[in-house]
Amino acid sequence: LSLGGTPQAFFDEPELMELFIPTMRSDFKLAEENRFDSVLTTFDLPITVMVGKTEDLLPEEVTAWKDWTTQTCLIYYFNGGHFFINDHGPAIVKIINQTLA
């Protein structure tokens, strides 16, 4: 709940919980056990990053995406937190379309 992406009603439905809890556990396990190899490979393609302005991220964590490409890295900031996507659909779709064009 602290990230703001899951409504309380979700937790009040046992059938939904039974269906999604295994997936959520796997996601958290992956995030917890994420390990990087000592040799990092950059991509030879542009990267587009979208982030909520009130996410719990340091500015250098966001700009570190630039280290993963030999090309351009565009960073877009949106009002909101981790689930900013829920409030900015049209703007996000526009960025995606422009990026793929």
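Our subject is the structure listed above.
Residues numbered from 1 in each chain as written. Predicted model: local features only at pLDDT ≥ 70, side-chain atom pairs only at ≥ 80, totals over all residues. Heavy atoms only, no water.

S.K.: Can you lay out the packing of aromatic side chains for me, pointing to particular residues and giving the numbers?
M.R.: A full pass over the atoms with the stated rule returns one aromatic pair. Between Phe78 and Phe84, the ring centres sit 5.1 Å apart and the planes meet at 10°, which makes this aromatic pair stacked. Owing to a relative accessible area of 7%, Phe84 belongs among the buried residues under this scheme. (Phe/Tyr/Trp six-rings, centres within 6.5 Å; stacked < 30°, edge-to-face > 60°. Buried < 20%, exposed > 50% of the residue type's maximum accessible area, 1.4 Å probe, protein only.)

S.K.: Lay out helix H2 (residues 14-33) with the relevant residues and their values.
M.R.: In a regular helix each residue adds 1.5 Å, so 20 residues correspond to 28 Å; H2 covers 28 Å between its end C-alpha atoms and thus fits that length. For H2, the tally of buried residues reaches only zero of 20 residues, placing the bulk of the element at the surface. (Helix = DSSP H or I, 4+ residues; strand = E, 2+ residues; numbered from the N terminus. Expected span 1.5 Å × (residues − 1).)

S.K.: Can you break down the layout of surface pockets residue by residue, with the values?
M.R.: In this structure, the second largest pocket occupies an estimated 270 Å³ of space. Val51, Glu55, Asp56, Leu57 and His82 are the residues nearest the centre of the second largest pocket, which is lined by twelve residues in total. Of all the secondary structure elements, the ones that give two or more residues to the lining of the second largest pocket are strand S1 (47-52) and helix H3 (59-63). In terms of residue class, the lining of the second largest pocket is built from seven nonpolar, two polar and three charged. (1 Å grid on protein atoms, 1.4 Å probe; cavity = no way out; pocket = protein on both sides within 12 Å on 5 of 7 lines; lining within 4 Å. Points joined across faces, edges and corners; volume = space filled by probe spheres on them. Nonpolar A, V, L, I, M, F, W, Y, C, P; charged D, E, K, R; others polar.)

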